[in-house]
Amino acid sequence: MKSIKKGRRAALAAGLALSAGACDGSPAGPVPVKGSCVAALEGVSEVVDSVVNARGVDGGLLLVMQGGQVLCERAYGAYEVDEAVPIASASKWLTAVTLLTLVDDGELLLDAPISQWLDYFEAGEPVTLRQLLSHTSGLAEGNCAGVLTTTLHDCAMQIAQSTRAARPGTRFIYGGGPFTVAGALAATVAEQGWSVLWRTRVEEPLGLTSTQWDNNRNPLLSGGATSTVQDYAKVMQMIVSGGQTVLSPAAIEQMRHNNVGGVPVLFSPRNDAAGYTLGAWIDAADAQGRATVLSSVGASGFYPWLDFETDVVGIVVLPPSGPGDGYWYPVARRVQAEVRQILGG
């Protein structure tokens, strides 16, 4: 695993003639392309390559697998194929997977009040784990999430004592606070810290080597992980294959249901999704409403998705040039659509 520091990236970018002019959208000449890609997906790779060139960003990544086989593994610009990158809100999927291992073991229940384990949630209407992982708990966002000066449990207690944004199960409010509570719940039930839970329940069984959380005292479980596309793809491959290694088929089925239902949306960063399940967006569903495509989008330009119908796992990484720069999102969606068109037949 290789992670290029900001200063080194800047030097490499300068060496590649990624001038200041390129940052305003004008091409500055070709950047290096590393890795391999089957002929059928070369056009998809060129989409990412052209955007990296046009935007003048440090680089990008593309990984496409089908049936567990790597079809395209490319790095662009200053990135290497095993680059560790911030995954932002794509961390939510990893958190949900970890919690679902405890559900599989019978240590937690998706629809039981979390006050059974966290007594500081006894006041107010009951909140469930399903609601925590689907942004329907109504809990406050919590400005303590990920803060180093407190702990996961203390932050969860602070959220419990805050004024709720809505009654449980009545609104979809996308945010991070409930995932902190879910992490505190898991740590309480398993009597282990988050780092141990993650390592023993997901990292080691899947052979992950390059996924890390931002801190051990109070990890930002909704957005604080870094990973490589190879590591993250192993988690998605486990899901698209129906579980077994880490999760049961029953847990995967829970992940294929829209866990939001028809409740009003109070806040959502996406208006193009077909729903939300446990830690992931539903990009497409069949006639019965069962998810066929899932994704977990990170504002760092990290877009992972899996397709149950075509047995495809894909990841696009295109870092934004600054806060609020969302150029990468339509590009990632285009890549996702083109990959399905090419591999879906």
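Residues numbered from 1 in each chain as written. Predicted model: local features only at pLDDT ≥ 70, side-chain atom pairs only at ≥ 80, totals over all residues. Heavy atoms only, no water.

*Asks:* Help me understand the overall build of the protein, please; the structure alone is not making it clear to me.
*Replies:* Helices and strands together make up the secondary structure of the protein, namely 10 helices and 13 strands. Taken against the 2.2 N^0.38 rule, which gives 20 Å for 345 residues, the C-alpha radius of gyration of the protein at 20 Å falls within 12% of a compact globule. Based on the C-alpha atoms only, the size of the protein along its principal axes is roughly 60 × 45 × 40 Å. Buried positions account for 54% of the 345 residues belonging to the protein. Sequence separation of 24 or more characterises 66% of the internal contacts of the protein that already satisfy a separation of 6 or more. When the accessible area of the protein is evaluated, it comes to approximately 13,600 Å², of which 52% is carbon and sulfur surface. (Helix = DSSP H or I, 4+ residues; strand = E, 2+ residues; numbered from the N terminus. Rg over C-alpha atoms; globule rule 2.2 N^0.38 Å. Buried < 20%, exposed > 50% of the residue type's maximum accessible area, 1.4 Å probe, protein only. Contact = heavy atoms within 4.5 Å. Areas by Shrake-Rupley, 256 points an atom, 1.4 Å probe, with all protein chains shown as cover.)

*Asks:* How should I be thinking about the confidence of the model for the protein in this particular structure?
*Replies:* A low pLDDT score tells you not to read the predicted coordinates there in detail. Per-residue confidence for the protein averages 91 on the pLDDT scale, and 91% of its residues sit at or above 70. Per-residue pLDDT stays below 50 along residues 1–28; that stretch engages in 46 contacts with residues further than four places along the chain or on separate chains. (pLDDT = per-residue confidence, 0-100.)

*Asks:* What should I look at first to understand the packing of helix H3 (residues 91–104) against helix H8 (residues 229–240) in this one?
*Replies:* Relative orientation and spacing of two packed helices are given, respectively, by the angle between their axes and the distance between those axes. Put simply, H3 and H8 touch, their axes get as near as 11 Å, and they point 50° apart. Relative to H8, the element H3 lies oblique. Crossing of H3 over H8 shows left-handed handedness. Here H3 contributes Trp93, Leu94 and Val97 to the contact with H8, which in turn contributes Tyr232, Val235, Met236, Met238 and Ile239. (Axes fitted to C-alpha atoms, helices over the stretch in contact; angles between N-to-C directions. Parallel < 35°, antiparallel > 145°, perpendicular 65-115°, else oblique. Left-handed = near helix turned anticlockwise from the far one by under 90°.)

*Asks:* Help me understand the packing of helix H2 (residues 42–55) against helix H10 (residues 328–343), please; the structure alone is not making it clear to me.
*Replies:* Two elements in contact, H2 and H10, have axes whose closest approach is 9 Å; the angle formed by their N-to-C orientations is 165°. In terms of axis orientation, H2 runs roughly antiparallel to H10. In the crossing of H2 with H10, the sense of the turn from one axis to the other is right-handed. Residues Val44, Val47, Val48 and Val51 of H2 lie in contact with H10, whose contacting residues are Val331, Arg334, Val335, Glu338, Val339 and Ile342.

*Asks:* Hey, could you run me through the layout of surface pockets in this one?
*Replies:* One simple way to see leftover space: roll a probe sized like a water molecule over the atoms. As a volume, the second largest pocket reaches approximately 280 Å³. As for the second largest pocket, its lining consists of 17 residues, of which Pro269, Val297, Gly298, Ala299 and Trp328 are closest to the centre. Considered class by class, the residues forming the lining of the second largest pocket number 10 nonpolar, five polar and two charged. (1 Å grid on protein atoms, 1.4 Å probe; cavity = no way out; pocket = protein on both sides within 12 Å on 5 of 7 lines; lining within 4 Å. Points joined across faces, edges and corners; volume = space filled by probe spheres on them. Nonpolar A, V, L, I, M, F, W, Y, C, P; charged D, E, K, R; others polar.)

*Asks:* Would you mind going over the environment of Ala233 with me for this structure?
*Replies:* Assignment of secondary structure puts Ala233 in helix H8. In this structure, the C-alpha to C-alpha distance between Ala233 and Gly68, residues 165 residues apart in sequence, is 9.3 Å. With near-sequence residues (within four places) excluded, Ala233 lies in contact with Leu63, Met65, Val313 and Ile315.

*Asks:* Explanation requested: the nonpolar core in the structure shown.
*Replies:* In globular proteins that are soluble, nonpolar side chains generally tend to be buried together. Membership of the largest hydrophobic core comes to 106 residues, with the highest contact counts inside it found for Trp93, Val97 and Ile239. Excluding residues within four positions of it along the chain, Ile239 makes contact with Trp93, Val97, Ile252, Met255, Leu306 and Phe308. (Core = buried A, V, L, I, M, F, W, Y, C linked by side-chain atoms within 4.5 Å.)

*Asks:* Quick question: what am I supposed to make of the packing of aromatic side chains here?
*Replies:* Two descriptors summarise a pair of aromatic rings, namely the distance from one centre to the other and the angle between the planes of the rings. Per the counting criterion, the structure on display carries 13 aromatic pairs. Three or more aromatic residues joined by ring pairs make a cluster, and in this case those are Phe172, Tyr174, Tyr276 and Trp281. Over the face of the ring belonging to Phe179 we find Lys92, whose NZ or CZ atom lies 5.9 Å from the ring centre. One residue, Arg256, lies across the ring of Phe308, its end atom 3.8 Å from the ring centre. (Phe/Tyr/Trp six-rings, centres within 6.5 Å; stacked < 30°, edge-to-face > 60°. Lys NZ or Arg CZ within 6 Å of the ring centre and 35° of its normal.)

*Asks:* Can you help me understand the sheet that holds strand S11 (residues 291–295) in this one?
*Replies:* Two strands in a sheet stick together by hydrogen bonds in their backbones, pointing the same way (parallel) or opposite ways (antiparallel). Across the sheet, eight strands lie side by side as S1-S3-S2-S13-S12-S11-S10-S9; this open sheet has antiparallel pairing. Two strands bound the open sheet, and with one partner strand each, they are strand S1 (33–37) and strand S9 (275–276). With six bridges connecting them, strand S12 (residues 302–307) and strand S13 (residues 312–317) associate as antiparallel partners. Across the sheet, the residue bridging to Trp305 is Gly314, located in S13. Relative to strand S3 (residues 69–77), H2 is tilted by about 20°, and along the sheet it contacts S1, strand S2 (59–66) and S3. (Pairing = 2+ DSSP bridges.)

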